[in-house]
Amino acid sequence: MRSAPDALSSITVPMSVAASPGPWYRRLVGYKNNNADDHTSIAALSTAYIEAHKHRIEAILHGSIEHIVVVPSSRADRPFASQPLANVIRRSRPFRALLADGLSWVPSASLARATYDPEVFREGGDLVSGKRVLLLEDLWVSGSHPLSAAGKLLALGASAVMILPVAREVSVDFCGPSHPYIIAMESAYSVDHWPR
């Protein structure tokens, strides 16, 4: 990642790995297109994962989660109220009260893959200054959006940020068959697994 501070990648923990192409990857695409079954799957995974690892997340944040912020869509026509991942967290009874409109996308902005630019985001409707923020991303591809969003949250005064992608996209052709992500995909999934 060009120009992203190394510290940002050290606060990133993916919940799962998604082969592209593959069934879990297709489910993530379906969720972005507002498929109700896919929203239910992602809400269940996110809730179970955060609950199972709350103590680890709080160790990274140096305290309890005060806000859950989603990486905003780069689609200018998609306000916070209709962000797919925000809608998923609204379905999570234990965590919906923590959901905050912390960031929005700058309408005229663009962000190339593997590029770090916090200025493509602006402050949302809820203040993050002084807050410990769990930043949710749906699908980590190159990391441009979540790393840039985390950088913006820190620039806005968040006291700590942890990035939690629902899935890390992996191409077998790119990684090779012995890569830890490929091995993880071939193993039975456990929500208790903490890939650090």
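Structure: above.
Computed from a predicted structure; not experimentally measured.

Draft legend 1. Inspection of the packing of aromatic side chains at higher detail. Applying the stated criterion to the full structure yields two aromatic pairs. Relative to tryptophan 194, the ring of tyrosine 49 lies with its centre 6.3 Å away and its plane at 25°, an arrangement referred to as stacked. On the criterion of sequence distance, the pair formed by tyrosine 49 in helix 3 (residues 36-52) and tryptophan 194 in the segment after helix 8 (180-186) is long-range, its members being 145 residues apart. Exposure remark for tryptophan 194: the relative accessible area of 16% places this residue in the buried category. Aromatic side chains tryptophan 105 and phenylalanine 121 sit 5.2 Å apart centroid to centroid with 85° between the ring planes, which places their arrangement in the edge-to-face category.

Draft legend 2. Spotlight on the sheet that holds strand 6 (residues 160-170). Strand order in the open sheet formed by four strands is 1-6-5-2, with parallel pairing between adjacent strands. Taken across any chain shown, the strands that pair with only one partner, and hence form the sheet edges, are strand 1 (17-19) and strand 2 (67-70). Along the sheet, successive strands turn relative to each other by an average axial angle of 25°, direction set aside. Direction of pairing for strand 1 relative to strand 6: parallel, over a ladder of three bridges. Note that in strand 6 the partner of alanine 18 across the bridge is glutamate 169. The strands touched by helix 3 are strand 5 (132-140) and strand 6; relative to strand 6, the strand with the most contacts, the crossing angle is about 135°.

Parameters at a glance
- Residues numbered from 1 in each chain as written.
- Predicted model: local features only at pLDDT ≥ 70, side-chain atom pairs only at ≥ 80, totals over all residues.
- Heavy atoms only, no water.
- Phe/Tyr/Trp six-rings, centres within 6.5 Å; stacked < 30°, edge-to-face > 60°.
- Helix = DSSP H or I, 4+ residues; strand = E, 2+ residues; numbered from the N terminus.
- Buried < 20%, exposed > 50% of the residue type's maximum accessible area, 1.4 Å probe, protein only.
- Pairing = 2+ DSSP bridges.
- Axes fitted to C-alpha atoms, helices over the stretch in contact; angles between N-to-C directions.
- Contact = heavy atoms within 4.5 Å.

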